[in-house]
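Coordinate inspection notes
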Amino acid sequence: MARITLDGITKAFGNLQVLNSVDLDIADGEFLTLVGPSGCGKSTLLRIIAGLETQTAGDVKIDDNVVNSVRPSRRDLAMVFQSYALYPHLTVKQNLATPLQLRDMNVAERLPLIGRFMPGFKTKRAAVDAAVKDVSETLQIEHLMDRKPGQLSGGQRQRVAVGRAMVRDPAAFLMDEPLSNLDAALRVHMRAELSALHRSLGTTFVYVTHDQAEALTMSDRMAVMMDGDILQIGEPDDVYQDPKDLRVAEFVGSPKINTVPGGIDEGGRLTFLGVELARRLKVPATKGITIGLRPEHLYLSPEKDGKTFTGKLTYKENLGSEAFLYVAVNYGEDSVIVRADPVEAHDISVGDEVSIAHVPGKALIFDEDGQRLELTHPPVHEVVA
Ligand SMILES: Nc1ncnc2c1ncn2[C@@H]1O[C@H](COP(=O)(O)OP(=O)(O)OP(=O)(O)O)[C@@H](O)[C@H]1O
Ligand SMILES: [Mg+2]
């Protein structure tokens with residue numbers, strides 16, 4: 001078990017600054033996800049925690065001990081890589097046993113023929129076998145023990161890679177995109193398996209992914225990274241519902257949040273696409289406002305009035321349980337995605353004009369720097385009434 005704290009972690013590769021003073025406090029037993037687009041510095045940060053990369057400045061602490069100069073093997077952390085990094089010439093059983101043999105047996109004891117004649121070999125060998133058996137049962141890979149990695153499916157290889165990290169019973173697991181080599185269906189299945197494993201082990205997991213859906217579904221908390229900064233950290237629901245930054249709002253959620261230019265008049269009334277919002281800004285801003293509305297907060301309306309805007313259907317994506325309508329608005333300048341019931345969407349065709357309303361209170365407002373602006377609560381007109 002371990003609490004991991006990062007204090008002002010900065011990293012530059014030559015002139016390229018990839019981490020800008022990152023602070024992060026990962027609780028003991030937490031499943032924390034580092035999520036962000038390719039190149040934002042996730043793997044670098046994870047490798048710094050593991051000790052595989054040295055930070056330019058800042059401290060890594062494990063349970064309040066600064067470990068900056070502690071070797072990776074002494075940090076008691078286990079890393080699972082995207083490539084799995086299994087030994088191709090060894091069986092699954094040998095792959096699982098290797099980390100323990102390296103840690104607990106000396107060079108002579110590890111020799112294939114001579115090792116067994118060393119004193120103490122039997123006890124150590126039995127302990128290794130027991131740990132390997134235990135892990136193989138937990139991961140349900142007992143039937144694969146005599147195979148080599150080349151004879152396994154992607155999901156089975158992934159399980160062996162996790163198993164190899166588990167045998168040492170580390171204080172924390174560091175995982176770098178461990179599911180990205182799997183096909184879509186298996187990825188979804190393995191998400192559930194890893195979550196269940198985390199619950200049963202109760203060990204700290206630090207999990208890197210560029211897939212926002214993985215972060216949303218698996219984590220206790222997710223840290224959204226961009227360009228070497230953590231923009232927001234919180235429970236998945238909070239990050240989704242209450243993004244503090246336009247880049248976070250746009251990164252989290254699929255399909256992406258709709259963004260359209262917002263208008264504001266002298267009286268502080270906010271509008272988008274000709275529709276007035278019920279709430280006003282707490283602190284008035286004047287220009288460059290962006291309104292964000294998620295597809296599930298827009299809906300087809302039978303009415304055409306001050307509460308709706310119209311647009312032309314350009315594409316219809318029917319997923320069976322729901323449909324997404326792509327609608328050109330603002331004379332074709334912008335486009336929004338509307339979630340609809342497939343039955344309701346059935347009668348609309350590409351090229352049709354549609355009327356769209358929004359769920360009150362769900363619009364997110366951002367200033368010209370992409371920072372979230374707070375709104376009055378309750379809506380102004382309710383106060384007046
Ligand atoms: N050893 C290195 N030398 C020079 N630059 C590097 C090195 N390792 C990483 N970088 C650069 O640092 C930046 C962050 O890389 P990193 O691998 O941490 O990104 P990432 O968020 O994990 O991306 P991805 O999702 O593609 O894996 C990138 O611009 C990358 O090119
Ligand atoms: Mg990476």
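For the structure given in this document, a descriptive report is provided here. (Residues numbered from 1 in each chain as written. Chains lettered and ligands numbered in written order. Predicted model: local features only at pLDDT ≥ 70, side-chain atom pairs only at ≥ 80, totals over all residues.)

1. A closer look at the overall build of the chain
Within the chain one finds 11 helices and 21 strands. Burial statistics for the chain: of 385 residues in total, 33% are counted as buried. Put simply, of all contacts in the chain between residues at least 6 apart along the chain, 67% involve residues at least 24 apart. (Helix = DSSP H or I, 4+ residues; strand = E, 2+ residues; numbered from the N terminus. Buried ≥ 20, exposed ≤ 12 C-beta atoms within 10 Å, placed from the backbone. Contact = placed C-beta atoms within 7 Å.)

2. Regarding the nonpolar core
If you look at the biggest cluster of nonpolar residues, it comprises 87 residues, and the most contacted ones within it are L174, V206 and V224. For this core, the element with the highest residue contribution is helix 5 (residues 154–166), accounting for 5 residues. In this structure, this core is formed jointly by two domains, domain 1 (4–241) and domain 2 (256–384), each of which donates at least three residues. What L174 contacts, discounting residues up to four positions off in sequence, is L46, I49, A50, L77, M79 and V206. (Core = buried A, V, L, I, M, F, W, Y, C linked by C-beta atoms within 7 Å. Domains from an automatic or database assignment.)

3. Some points on the sheet that holds strand 12 (residues 270–272)
Sheet architecture is open: 6 strands sit in the order 13-12-11-14-20-21, paired in antiparallel fashion. Two strands lie at the open edges of the sheet, namely strand 13 (275–276) and strand 21 (372–373), each paired on one side alone. Sheet topology note: the strand 20 (residues 364–366)/strand 21 ladder contains 2 bridges and is antiparallel. Opposite I365, over in strand 21, you have L373 as the bridge partner. (Pairing = 2+ DSSP bridges.)

4. Structural notes on the site of ligand 1
Surrounding ligand 1, one finds F13, L16, V18, G36, S38, G39, C40, G41, K42, S43, T44 and H210. When contributions to the shell around ligand 1 are tallied by element, the ones reaching two or more residues are strand 2 (16–26) and helix 1 (42–50). Broken down by element, the residue count for the shell around ligand 1 peaks at 3 residues, all from helix 1. A breakdown of the residues in the shell around ligand 1 according to their chemical character gives 4 nonpolar, 7 polar and 1 charged. (Near = placed C-beta within 6 Å. Nonpolar A, V, L, I, M, F, W, Y, C, P; charged D, E, K, R; others polar.)

5. Digging into unusual backbone geometry
For the bond running from S254 to P255, omega is -5 degrees, close enough to zero to count as cis. Summarising the element assignment, P255 is placed in the loop between helix 9 (246–251) and strand 11 (258–264). At D63, a position not held by glycine, the phi torsion is positive, near 50 degrees. When you line up the elements, D63 lands in the loop between strand 4 (57–62) and strand 5 (65–66). A tally of 14 C-beta atoms within 10 Å means that D63 is categorised as partly exposed. The backbone of D64 shows a phi angle near 70 degrees, a positive value even though the residue is not glycine.

6. Some details on the pairing of strand 8 (residues 204–209)
Counting buried positions over the 6 residues of strand 8 gives 6, a clear majority of the element. Sheet topology places strand 7 (residues 172–176) next to strand 8; 5 bridges connect them, and they run parallel. In the sheet register, D176 faces strand 8, and the bridge partner there is V208. Remark: the strand 7/helix 6 (residues 184–201)/strand 8 crossover connection has right-handed handedness. (Right-handed = clockwise from strand over helix to strand, strands pointing away.)

Purely geometric numbers; function is a separate question.
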